[in-house]
Amino acid sequence: MKLEISCTRVEANHKQLLNCRITIDSMANSFQNVSKLLSISGNEVRLKILFLLNMEKELCPCDLADILGMSVPAVSQHIRKIKDAGIITARREGQTLYYSLNEDETDILNSIFKSIKLERKTA
């Protein structure tokens, strides 16, 4: 793989730059997945929904609405965005939909939630 170097530094380490490029390229899917998760969780309400689903394992929109002090339609809009991103899944029981986190997302979210919990303890 030939890397065209645009760095004008005389000391530019071509091998280092090539290794970094190969590493970044090989991790493209991981970067895309984490970026998607961070983009969705960048909204405070959606982050709270993800936190609650992580904590309780499964909740319905009306549970979330009651906890967050919001209307069910408002919560449902946020849930739709999270679900469209593939971060949560739904299970139907009669008329009620229950949402839970996809297993693949919990490791990253646990790191985020751990930092939130640590911040709360130091405040």
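Per chain, the residues get numbers from 1 upward, laid out in the order the sequence is written. Only residues with pLDDT of 70 or above have their local features reported here, since the model is predicted, and side-chain atom pairs are shown and tallied only from 80 upward, although totals for entire chains, interfaces and linings are computed over all residues. Remark: hydrogens and water are excluded; side-chain values derive from all non-hydrogen atoms of the structure.

Student: Could you give an account of the side chain of Asn102, with specific residues and numbers?
Tutor: Secondary-structure assignment places Asn102 in the loop between strand S2 (96-101) and helix H6 (106-122). When its relative accessible area of 17% is taken as the criterion, Asn102 is described as buried. Throughout this description, a polar contact denotes any pair of N or O atoms lying within 3.5 Å of each other; where both atoms belong to protein, one of them has to be capable of donating a hydrogen while the other can accept it, and for residues adjacent in sequence the pair is counted only when both atoms sit in side chains. One polar contact links the side chain of Asn102 to the main-chain carbonyl oxygen of Gly86, over a distance of 2.4 Å. Here a strand is any run of E in DSSP of at least two residues, a helix any run of H or I of at least four, and the numbering for each starts at the N terminus. Relative accessibility decides the category of a residue: with a 1.4 Å probe and only protein chains considered, values under 20% of the type maximum give buried, values over 50% give exposed, and everything between is partly exposed.

Student: Can you break down the nonpolar core residue by residue, with the values?
Tutor: Counting 19 residues, the largest nonpolar core has Leu50, Leu53, Leu64, Ile82, Ile87, Ile88 and Leu101 as the members making the most contacts within it. The set of elements that each furnish at least two residues to this core consists of helix H2 (28-41), helix H3 (44-56), helix H4 (61-68), helix H5 (72-84), S2 and H6. Those residues within four positions of Leu50 in sequence are excluded, and the remaining contacts are Ser41, Ile82, Ile87, Ile88, Leu101, Leu109 and Phe113. Remark: nonpolar core denotes a set of buried residues (Ala, Val, Leu, Ile, Met, Phe, Trp, Tyr, Cys) joined through side-chain atoms within 4.5 Å. Here a residue-residue contact requires only that any non-hydrogen atoms of the pair lie within 4.5 Å.

Student: Give a description of H5 that names residues and reports values.
Tutor: The length a helix should cover is 1.5 Å for every residue beyond the first. For H5, built from 13 residues, the straight-helix expectation of 18 Å at 1.5 Å per residue is met to within 8% by its first-to-last C-alpha distance of 18 Å. Where H5 is concerned, the buried positions are Val75, His78, Ile79 and Ile82. Projected down its long axis, H5 shows its buried positions confined to an angular sector of 100 degrees, all on one face. With respect to the buried face of H5, the exposed residues turned more than 90 degrees away are Pro73 and Asp84. Between a side-chain oxygen at the N-terminus of H5 and the backbone nitrogen of Ala74 the separation is 3.2 Å; the capping residue is Ser71. Looking one or two places after H5, you find Gly86, whose phi comes out positive at around 80 degrees. An arc is given here, and it is the one of the directions from the helix axis to the C-beta atoms.

Student: Requested: an account of the environment of Asn54, with residues and values cited.
Tutor: Turning to its location among the elements, Asn54 is positioned in helix H3. Of the polar contacts made by the side chain of Asn54, one reaches the side chain of Asn110; its length is 3.0 Å.

Student: Any details on the pairing of strand S1 (residues 88-93)? Residues and values, ideally.
Tutor: Pairing between strands requires that DSSP locate at least two bridges from one strand to the other. Direction of pairing for S1 relative to S2: antiparallel, over a ladder of six bridges. Across the sheet, the residue bridging to Glu93 is Thr96, located in S2. If you look at the hairpin formed by S1 and S2, you'll find two residues sitting between the two strands, and Gly94 has a positive phi there, around 65 degrees.

Student: Could you give an account of the packing of H3 against H4, with specific residues and numbers?
Tutor: It is the contact of H3 with H4, at a shortest axis distance of 11 Å, that shows an interaxial angle of 115 degrees. Crossing handedness for the pair H3 and H4: right-handed. Contacts between H3 and H4 involve Val45, Lys48, Ile49 and Leu52 on the former and, on the latter, Leu64, Ile67 and Leu68. In the scheme used here, Gly and all other residues not listed as nonpolar or charged are polar, with Ala, Val, Leu, Ile, Met, Phe, Trp, Tyr, Cys and Pro taken as nonpolar and Asp, Glu, Lys and Arg as charged. Within the contact of H3 with H4, the residues separate by chemical class into six nonpolar, no polar and one charged. Helix axes are fitted to C-alpha atoms over the stretch in contact, other axes to C-alpha atoms as well, and angles between N-to-C directions run from 0 to 180 degrees. Left-handed describes a crossing whose near helix is turned anticlockwise from the far helix through less than a right angle; right-handed describes the clockwise counterpart.

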